[in-house]
Amino acid sequence: MCGLGGIFNRDGKRIPGNDIITMARMMRDRYDGRGGGFAGYGIYPKYAEYYALHLFFRDEEAKEATEEFLKDRVAIIKDEEVPMRNVKEIPKENIVWRYFVEVPHKFKSKKEYLAQEEDYIIDTVFTINDEIDGAFVASSGKNMGVFKATGMPDDVGRMYKIEKYKAYCWITHGRFPTNTPGWWGGAHPFNLLDWSVVHNGEISSYGTNRRYLEAHGYKCRLLTDTEVVAYLFDLLVRKQGLSIRSAAIALTPPFWKHIDKMPEPKRSIYTALRMTYAPAMLNGPFAIIVANRDTMVGLNDRIKLRPLIAAKSGDFVYIASEEAAIREVQPELEKLWAPRAGNPVIARLYDDVREEVIH
Amino acid sequence: MAATLEKARVSKEGEFVVIDAKGMHYPELNVLIEDVINQGAKKLKLINVNGQRFIADGLRGDYYIEIHGVAGDDLGAFANGPTIVVYGNVQDGAGNTMNAGKIIVHGDGTDIIGHSMRGGKVFVRGHVGYRVGIHMKEYKDQVPVLVIGGTAGDFLGEYMAGGRIIILGLQRLETYPEIVGDWLATGIHGGAIYLRDEVDEDKLGYGAKFEELTEEDLAFLRREIEEFCSYFGGDVDEIMNAKFTKVVPLSHRPFAAMYSDSKEAGH
């Protein structure tokens, strides 16, 4: 179960959160109130150059400990409580605060240090999640934020006043937890830097993927399988420079019987990707939507064990678990289709949307 | 639900009782459908349908239901007799365990259409997704039929125990132009699949094989294609004038040897 939705404007036009809430609501039969959330890109134009850290604190002590830790690591440009409505359906479990931060001078000014700067932020995030009791980083990208909680997406959206933010890319998730606990941090989207992931299904290869990621310095602390997807995209695309298409060949590769029949050099390329990234391959039933600052991607497991629909209307691209969710916000569509299993549907800023054929 | 709201949603249009489903959650809609049927409606027209699940599920009798919009998951599941015509697409599982009646879809279908069907017919004008016809079965004169105008994805007719599936391939996808996906008829042990094209043997799943078509097969195909064309248009002779591939089980008891000493085994 679980309901996924995504709206992406290819021209970078920002739209309020109402439509993404509607999409989530249309899939209400897919979730049970134990997790709902949203990620929006382009929501903090005034602070676009700073990392926006969204934090959950169980209590004031966790907040103080985190601020103590942060002040030695980053420069806090601005911080404030994330504006929230009281919603009777959701007991307020956490203090939710946001910090706009920059990395200290020694890492700045030189462009080639960008990767180190990003690693530094990742390290900051992992240290908070790992070592400060009762503190959890919900998101850490620039000009974006994750808003999530234990509740129906509709109520979560109202609680965070999602309709007041404007984004060129929105993704949402309504959760039906199966084998991991429901808690605010365990709601989707999962985020690291710019990457956000929403997921329906199970990552049966979690153990293998986790060991592989931990060997590359990632820490899996969120009590759920989905986080490995965000970290795999970060590792393969940001750190190792693979295209989204190549990353998809690594994560959802064609079966060997198909690779063996490919003409050269395609066969060698697919073989190399599949063998190099064998521990990154995602197995099990899943549909995911992954977003970053300029891209939204929809991807299914290789044998299509979860639903996923993509659609296009002018400069808007939509991806969802159900067609009805898309039609409700945009009845007139140029194109609506069910992507083939394992083929990524990629929407990019100032570019078209396409289904990359790898299967 | 308030009676006034129900009244506002229900109207008459000739012999049709019209229900405006806009914004309704599926339990409300299905209760309302039951109400109007209990009040004697035989022909229903549902407008502004968008993803409501379980429409006409378990409905017994000779009703005629038109759906305008996107029919949600499990349309007509366990239905026993009604004719359901969808002017739009259907979501997953239309015709699930249907016993009798017809579902006629003017758009596309997604995954597991005809799941466990045991009678009746489903016609889809466009494409369908994965695992279509999974677990279809038949008994004596109860033989379900699925006819698809476009293409089908992987695992078509998986574990199929009976019934007939026809894929016409009259329209093709840009991203995957073949008439059918991979792992075709995996675990099939009854029934038959007809594909209006050549199909690579590599696509055959475990337990499936190709078989030559007989005169009887061609007569059956012509009848079903005539019905398909009566709903969606098209030239029957033109559609028939093509190479068809027939897929059948290697054995009706493929796993007989696995748990007993029986000599009757698949392969």
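This one's a predicted model, so the numbers in the text were calculated from it and none came from an experiment.

## Comments concerning the overall build of chain A
The helix and strand tally for chain A stands at ten helices and 19 strands. The C-alpha radius of gyration computed for chain A amounts to 19 Å, which stays within 12% of the reference 21 Å derived for 359 residues, consistent with globular compactness. Across the 359 residues that make up chain A, the buried fraction comes to 53%. Summarising the internal contacts of chain A: among those between residues at least 6 apart in sequence, 72% fall at separations of at least 24.

## Considerations on the overall build of chain B
Secondary structure summary: chain B contains four helices and twelve strands in total. Scaling as 2.2 N^0.38, a compact globule of 267 residues should have a C-alpha radius of gyration of about 18 Å, and chain B matches this with 19 Å. By its C-alpha atoms, chain B is 65 × 45 × 35 Å across when sized along the principal axes. Every one of the 267 residues in chain B was classed for burial, and the buried ones make up 48%. By sequence separation, contacts in chain B at least 24 residues apart represent 38% of the contacts at least 6 residues apart.

## Observations regarding the sheet that holds strand β1 (residues 3-9) of chain A
Residues and elements named next belong to chain A. Pairing is antiparallel across the open sheet formed by seven strands, whose spatial order is β8-β3-β10-β1-β16-β15-β17. At either end of the open sheet lies a strand with only one pairing partner, and these are β8 (144-149) and β17 (335-337). Neighbour-to-neighbour, the strand axes of this sheet turn through a mean angle of 10°, independent of strand direction. Bridge count for strand β15 (residues 309-313) against β17 is three bridges, and the pairing is antiparallel. When the sheet's bridge partners are listed, Ala 310 is paired in β17 with Trp 337. Set on the sheet, helix α1 (residues 18-26) makes contact with β1, β3 (36-41), β10 (169-174) and β16 (316-320); between it and β1 the angle comes to about 155°.

## Some words on the interface of chain A and chain B
Listed per partner, the contact involves 16 residues of chain A and 16 residues of chain B. When residues of the side of chain A that touches chain B are assigned to their parent elements, the largest contribution, four residues, is made by helix α10 (residues 323-329) of chain A.

## A short note on the confidence of the model for chain B
Note: predicted coordinates in regions of low pLDDT should not be interpreted at a detailed level. Chain-level statistics for chain B give a pLDDT mean of 94 and a share of 93% at 70 or above. Overall fold confidence (pTM) sits at 0.95, and the ipTM for the predicted complex is 0.94.

## Topic: the sheet that holds strand β4 (residues 51-57) of chain A
Residues and elements named next belong to chain A. Here we have four strands laid out as an open sheet, ordered β5-β6-β4-β7, and antiparallel in their pairing. This sheet does not close on itself; its edge strands, each paired only once, are β5 (75-81) and β7 (135-139). Neighbour-to-neighbour, the strand axes of the sheet open up by a mean angle of 30°, direction not taken into account. Across seven bridges, β4 lies against strand β6 (residues 95-102) in antiparallel orientation. Counted as the bridge partner of Ala 52 is Phe 100 from β6. Helix-sheet contacts for helix α2 (residues 60-73) involve β4, β5, β6 and β7, and the interaxial angle to β4 is about 150°.

## Considering α1(A)
Of the residues making up α1(A), those classed as buried are Ile20(A), Ile21(A), Met23(A), Ala24(A) and Met26(A). Here the buried face of α1(A) lies against β1, β3, α4 (153-159), β10, β16 and α10 of chain A.

## Focus: the domain arrangement of chain B
You can read the domains of chain B as domain 1 (7-89) and domain 2 (108-267). The gap between the C-alpha centroids of domain 1 of chain B and domain 2 of chain B is 29 Å.

## Here's the deal with the nonpolar core
Ranked by size, the top nonpolar core spans 186 residues in total, and within it Leu232(A) and Ile289(A) carry the most contacts. The biggest single contributor to this core is helix α6 (residues 227-239) of chain A, with nine residues. In terms of domain composition, this core takes at least three residues from each of domain 1 (7-89) and domain 2 (108-267) of chain B. Discounting residues that sit within four places of it in the chain, Ile289(A) has contacts with Leu4(A), Gly6(A), Ile171(A), Val198(A), Met296(A), Val297(A), Gly298(A) and Ile319(A).

## Overview of unusual backbone geometry
All names here are of chain A. The omega torsion across His 188 and Pro 189 is 0°, close enough to zero to call that bond cis. Here Pro 189 is to be found in the loop between β10 and β11 (190-192). Residues Glu 264 and Pro 265 are joined by a peptide bond in cis, for which omega reads 5°. Following the sequence through the fold, Pro 265 ends up in the loop between α8 (256-259) and α9 (266-276).

## Structural notes on the pairing of strand β13 (residues 286-292) of chain A
All names here are of chain A. Judged by how many residues are buried, β13 sits mostly within the fold: seven of seven residues are covered. On β13, burial covers both faces: Phe 286, Ile 288, Val 290 and Asn 292 on one face and Ala 287, Ile 289 and Ala 291 on the other are all buried. Sheet topology note: the strand β12 (residues 195-201)/β13 ladder contains six bridges and is antiparallel. Bridged to Val 197 within β13 is Val 290. In this structure, β13 lies alongside strand β14 (residues 295-300), joined through six bridges in antiparallel fashion. The residue of β14 that forms the bridge with Ile 289 is Gly 298. Hairpin geometry of β13 and β14 is characterised by an intervening segment of two residues between the two adjacent antiparallel strands.

Cut-offs used in this document
Counting of residues starts from 1 at the beginning of each chain's written sequence and follows it residue by residue. Chain A is the first chain written and ligand 1 is the first ligand written, with later ones labelled in order. Under the rules for a predicted model, residues below a pLDDT of 70 receive no local features and side-chain atom pairs below 80 are neither given nor counted, while totals for whole chains, interfaces and linings still include all residues. The numbering of helices and of strands both runs from the N terminus, where a helix is a DSSP run of H or I of at least 4 residues and a strand a run of E of at least 2. For this measure, only C-alpha atoms enter the radius of gyration; the expected value for a globule follows 2.2 Å times N^0.38, where N is the number of residues. Put plainly, a residue is buried at 20 or more neighbouring C-beta atoms within 10 Å of its own, exposed at 12 or fewer, and partly exposed in between, counting only other residues' C-beta atoms, which are placed from the backbone. Contact between two residues is assigned when their C-beta atoms, built from the backbone, lie within 7 Å. In this description, strands pair whenever DSSP reports at least two bridges between them. Lines fitted to C-alpha atoms define the axes, with helix axes restricted to the stretch in contact, and inter-axis angles between N-to-C directions lie between 0 and 180 degrees. A residue's pLDDT is the predictor's confidence in that residue, given on a scale from 0 to 100. Segmentation of the chain into domains, including their bounds, is taken from an automatic or database domain assignment. The term nonpolar core refers to a set of buried Ala, Val, Leu, Ile, Met, Phe, Trp, Tyr and Cys residues connected through C-beta atoms within 7 Å.

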